[in-house]
Amino acid sequence: PEDTVTSSFASFIHAAQPQLLSHTVRQRSKRMILDSIGVGLVGSTTRVFDIALRYCRLYSSVAVSSVYGKPGVKLSPTLAAFTNGVATHSMDFDDTWHPATHPSGAVLPALLAASQMLPPNTKPSGLDFLLAFNVGLEVQGRLMHFSTEAHDIPKRFHPPSVVGTLGSAAAAAKLLSLSSAQCCHALGIAASLAGAPMANAATQAKPLHVGNATRLGLEAALLAARGMEANPLILDDIPGCSGFGAFYSVYQPKPLSMPGQQHEFLLEKQDIAFKRFPAHLGMHWVVDAALSVRNLFINYAGSFCPSLIRSIMLKIPVSKYINRPFPSSEHQARHSFQFNACAALLDGEVGLGSFSESSIQRQELRELLDKVVVEHPEDNVANFDKMYGEVALLLHSGDVLTGKCDTFYGHWRKPLSKESLLKKFRSNASHVLPEEKIEAIIALVDDLESLSDSSQL
């Protein structure tokens, strides 16, 4: 069918050309690619990654695609995408967009694996790679805008498991040069492979959501390339027959205009949030608020002295899965407003080491957690574009010190500087790579448009 929402997306994926990518879009997406690789590299040191890798090595027969942080280890393309996707989200350290999703981790591992899969004479260039990456981002962003429900922190489905799967399919379809009809079927197949419940947040299963999104999107494109068909109206709102709209209670799809000289990518309009420490994005508001009030407290008392604090008031949005008073594991701690506020107060920072078992179980941290009281002001909504974090220290003296954060450093309204992003990448990559390889990756990504063979990445 022509003139449908689904066909418009398929036509866009097939017809998009590199000249559509503005300088801003190219620079922003290269920052995303570099950050995502660094996050994947440090993520390759985690237990959940090790479990996923050992599982995948049981089944990998056509081993052509590389694995983050494991020199000499290769897997089949789809399993490499899965494993690297798990690494990317293993610490909840990957980028975040609005409406809320983790866009890079769902797309980049599929493209890296597919680039290595293709024969030498058909390797995509760096510019081809950059275009496919942005097509994957664009599809995710457009799908998220079809529902007002998607603008708030989710309650049902984890977004990258939904829109990320279709974004991966779109990116892979573009990199593999699928026809418009095949792109349409790839989206339809991906929709049947999408979805994961939010109940698995703060567990080792959550990184599988991103791993599956990037893997299953690639599989959808490969199946479509081999002739598999799906519903050609999968993105349309058909009464009495749920398609992609089954993932949302309110779903109002709109066609995507054909890519012309005037097409503006969503990434042009809105930047990405990069995380300074490995935890759920909501934690970044309360950490910055906690660090602010900690400085006030030190000026007040001369040092940080927990015994002077009667209670700690957190004013946060209502979001059940990140309201965890006493987390007992690293994954729960990454999803706890209370833990992150108290860790920031106690240590003056939050970093990789904050989520170790020894750090979580500290007696002094537990004593601070006992003092936390939570309020949910009506004006503090669970929306990454509108929420704020407030931390107030109520002292035994009767004095009250307050810190508030409306926009943390790294948010799309307050982007990380180039220096901060490079510092994060170098720190993450240094856990598994020598300095010369780290600098080589930085140089490759910085000049990605000039790369003749993207599989070198």
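Every value quoted in this text rests on a predicted model; they were computed, and no experiment measured them.

### As for the overall build of the protein
Alright, step 1. Looking only at helices and strands, one finds 17 helices and 6 strands in the protein.
Alright, step 2. For the protein, the C-alpha radius of gyration of 22 Å lies close to 23 Å, the compact-globule estimate for 457 residues.
Alright, step 3. Once the C-alpha set of the protein is aligned to its principal axes, its extents read approximately 70 × 55 × 40 Å.
Alright, step 4. The buried share of the protein, taken over its 457 residues, is 59%.

### Section: the packing of helix α1 (residues 5–15) against helix α7 (residues 159–175)
Alright, step 1. As a packed pair, α1 and α7 sit with axes 8 Å apart at the nearest point and diverge in direction by 40 degrees. Considered as vectors, α1 and α7 are oriented oblique to each other. Two packed elements cross with a definite hand, and for α1 against α7 that hand is right-handed. Across the interface between the two elements, I13, H14 and A15 of α1 pack against A170, A173 and K174 of α7.
Alright, step 2. A per-class count over the contact of α1 with α7 returns 4 nonpolar, 1 polar and 1 charged.

### With respect to unusual backbone geometry
Glycine aside, the phi torsion of most residues is negative, and most peptide linkages are trans.
Alright, step 1. Following H98, the chain continues into P99 via a peptide bond in cis, with omega recorded as -5 degrees.
Alright, step 2. With respect to the helices and strands, the residue P99 is situated in the loop between α4 (77–89) and α5 (103–117).
Alright, step 3. For S177, which is not a glycine, the phi torsion comes out positive at approximately 60 degrees.
Alright, step 4. In this structure, A202 is a non-glycine residue whose phi angle is positive, near 65 degrees.
Alright, step 5. The buried category is assigned to A202, whose relative accessible area is 4%.

### Section: the pattern of salt bridges
Alright, step 1. Applying the stated criterion across every chain yields a total of 16 salt bridges.
Alright, step 2. With a closest N to O distance of 3.0 Å, K30 and E449 form a salt bridge. Remark: E449 occurs in the segment after α17 (435–446) and K30 occurs in helix α2 (residues 23–43); sequence separation between them is 419 residues.
Alright, step 3. According to the relative accessible area criterion, K30 is buried, its value standing at 7%.
Alright, step 4. A residue is classified by how much of its surface remains accessible, and E449, at 21% relative accessible area, is partly exposed.

### Thoughts on the UniProt feature "domain: MmgE/PrpD C-terminal" (unreviewed entry) in the protein
Alright, step 1. As annotated by UniProt and renumbered to match this structure, "domain: MmgE/PrpD C-terminal" (unreviewed entry) occupies residues 277–448.
Alright, step 2. Secondary structure within residues 277–448 divides into 41% helix and 14% strand; the distance between the first and last C-alpha atoms comes to 27 Å.

### Topic: the packing of aromatic side chains
Alright, step 1. Counted according to the given criterion, the structure contains 12 aromatic pairs.
Alright, step 2. Pairing W285 with F384 gives two aromatic rings, centres 5.9 Å apart and planes at 15 degrees, and the pair type is stacked. Residue W285 is located in helix α11 (residues 283–301), and its partner F384 is located in the loop between β4 (372–375) and β5 (389–395); the two are separated by 99 residues in the primary sequence.
Alright, step 3. On the basis of relative accessibility, which here comes to 0%, the residue W285 falls in the buried class.
Alright, step 4. Judged by its relative accessible area of 5%, F384 is buried.

### With respect to α5
Alright, step 1. Spanning 15 residues, α5 covers 22 Å between terminal C-alpha atoms, matching the ideal 21 Å at 1.5 Å per step.
Alright, step 2. By the criterion of burial, α5 is predominantly enclosed, with 14 of the 15 residues buried.

Rules behind the numbers
Residues numbered from 1 in each chain as written. Predicted model: local features only at pLDDT ≥ 70, side-chain atom pairs only at ≥ 80, totals over all residues. Heavy atoms only, no water. Helix = DSSP H or I, 4+ residues; strand = E, 2+ residues; numbered from the N terminus. Rg over C-alpha atoms; globule rule 2.2 N^0.38 Å. Buried < 20%, exposed > 50% of the residue type's maximum accessible area, 1.4 Å probe, protein only. Axes fitted to C-alpha atoms, helices over the stretch in contact; angles between N-to-C directions. Parallel < 35°, antiparallel > 145°, perpendicular 65-115°, else oblique. Left-handed = near helix turned anticlockwise from the far one by under 90°. Contact = heavy atoms within 4.5 Å. Nonpolar A, V, L, I, M, F, W, Y, C, P; charged D, E, K, R; others polar. Salt bridge = Lys/Arg side-chain N within 4 Å of Asp/Glu carboxyl O. UniProt positions renumbered as here; feature names shortened; annotations may be inferred. Phe/Tyr/Trp six-rings, centres within 6.5 Å; stacked < 30°, edge-to-face > 60°. Expected span 1.5 Å × (residues − 1).

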